[in-house]
Amino acid sequence: MTGRPAPAVLPPSLRVWLGLIAALAALVVVVLGVLYADDSKPGMVDARIWAAVDGVRPPWRQVALATDFLGEPAGAATLVVATVTGCLLLRRPRAAVLTVAGVGMAVGTATLLKSLVGRTIHDAHLSYPSGHTAFFTALALVVALLATGRLGLGRTAGTSLVLAAALVAGAAMGWAQVALGAHYPTDVLGGWCTALVVVPATAWLVDRMADWLVDRTADADRRERR
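Residues numbered from 1 in each chain as written. Predicted model: local features only at pLDDT ≥ 70, side-chain atom pairs only at ≥ 80, totals over all residues. Heavy atoms only, no water.

### Comments concerning the packing of aromatic side chains
Alright, step 1. Evaluation of the coordinates by the stated rule reveals two aromatic pairs.
Alright, step 2. Geometrically, the ring pair formed by tryptophan 50 and tyrosine 184 is edge-to-face, given 5.2 Å between the ring centres and 85 degrees between the ring planes. With a gap of 134 residues between them, tryptophan 50 in helix H2 (residues 44-53) and tyrosine 184 in the loop between helix H7 (155-179) and helix H8 (185-225) connect regions that are remote in the sequence.
Alright, step 3. Accessibility expressed as a relative area gives 14% for tryptophan 50, which makes it buried.
Alright, step 4. Residue tyrosine 184 is classed as buried on the basis of its relative accessible area of 2%.
Alright, step 5. Judged by centre distance (6.2 Å) and plane angle (85 degrees), the ring pair of tryptophan 60 and tryptophan 175 falls under edge-to-face. Note that tryptophan 60 is positioned in helix H3 (residues 60-69) and tryptophan 175 in helix H7, a separation of 115 residues in sequence.
Alright, step 6. Among the residues examined, tryptophan 175 registers a relative accessible area of 29% and is labelled partly exposed.
Alright, step 7. Of note, arginine 119 hangs over the ring of tyrosine 36, and the distance from its end group to the ring centre comes to 3.9 Å. (Phe/Tyr/Trp six-rings, centres within 6.5 Å; stacked < 30°, edge-to-face > 60°. Helix = DSSP H or I, 4+ residues; strand = E, 2+ residues; numbered from the N terminus. Buried < 20%, exposed > 50% of the residue type's maximum accessible area, 1.4 Å probe, protein only. Lys NZ or Arg CZ within 6 Å of the ring centre and 35° of its normal.)

Here is the structure:
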């Protein structure tokens, strides 16, 4: 018999629903990327939202700056290290791997898409999709998946928790980016959807690779006993 050294990081009950959500999110990323390719100005929806949110004053500006810091290299590294440490203390090595791989892939994908789409803000800075939003949403998804596994939540409760965590994290970081004038609202949506695509896919790959290693180790042990 073979067994897993740790629980799956992507609960089987969530795979279908998160897969469907990831497919829809991928479609949104592509459509927005095509619409705003090589653009350098806000769209109609961007302009309306930006007018309502941009230029916040104290104390909300300080809140926006603090939130933005969590997506900067120093803040992001601190969050990742803290999350990995928590995963290891809870004996969830797959979640620790997903924290590094999933978050890294989300940010890397957002960076690649920026170069491919070529949308800019303030004349020079590549903006679509928002890497800060992709990072913060991806980290929230990892934590929510960990909580779902630890609590043994079913399909409905688990999916609700994961989506709620992604929505709260994406909204918080997205608001900060728009309020500070760093991104258009559609950049934020693109970053949010990027995380929804990348993290479930990475979690599935982490589980597949871990299961393959377990099976390979078990086969080697059986051969040694013969």
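### Things to note about a nonpolar patch on the surface
Alright, step 1. On the surface, Leu24, Leu27, Val31 and Leu35 cluster together to form a nonpolar patch covering roughly 400 Å² of accessible area.
Alright, step 2. Tracing the sequence through the fold places leucine 27 in helix H1 (residues 15-35). (Patch = residues over 30% accessible without salt bridge, like charges linked within 9 Å, V, L, I, M, F, W, Y side chains within 5 Å. Areas by Shrake-Rupley, 256 points an atom, 1.4 Å probe, with all protein chains shown as cover. Salt bridge = Lys/Arg side-chain N within 4 Å of Asp/Glu carboxyl O.)

### Concerning the environment of alanine 95
Alright, step 1. As for its position among the elements, alanine 95 is in helix H5 (residues 93-117).
Alright, step 2. For the pair alanine 95 and threonine 83, spaced twelve residues apart in sequence, the C-alpha separation works out to 9.0 Å.
Alright, step 3. Those residues within four positions of alanine 95 in sequence are excluded, and the remaining contacts are Val9, Cys87, Val142 and Leu146. (Contact = heavy atoms within 4.5 Å.)

### Considerations on the nonpolar core
Across soluble globular proteins, nonpolar side chains show a tendency to be buried alongside one another.
Alright, step 1. Grouped together as the largest cluster of nonpolar side chains are 41 residues, with contacts concentrated most on Phe135, Leu141, Leu145 and Val162.
Alright, step 2. The greatest single-element share of this core, amounting to ten residues, is contributed by helix H6 (residues 131-151).
Alright, step 3. Filtering out sequence-adjacent residues up to four positions away, leucine 141 remains in contact with Val162, Ala166, Ala195, Leu196 and Val199. (Core = buried A, V, L, I, M, F, W, Y, C linked by side-chain atoms within 4.5 Å.)

### Notes on the confidence of the model for the protein
Alright, step 1. The share of residues in the protein with pLDDT of 70 or more is 92%, and the mean pLDDT across the chain is 91.
Alright, step 2. Within the protein, the element-level pLDDT minimum falls on H2, averaging 85, and the maximum on helix H4 (residues 73-89), averaging 97. (pLDDT = per-residue confidence, 0-100.)

### Observations regarding H5
Alright, step 1. Given a rise of 1.5 Å per residue, 25 residues ought to cover 36 Å, and the 35 Å separating the end C-alpha atoms of H5 matches this to within 8%.
Alright, step 2. For H5, the complete set of buried residues consists of Arg94, Ala95, Ala96, Leu98, Thr99, Gly102, Val103, Ala106, Ala110, Leu113, Lys114 and Val117.
Alright, step 3. Two residues or fewer after H5 comes glycine 118, characterised by a positive phi angle close to 75 degrees. (Expected span 1.5 Å × (residues − 1).)

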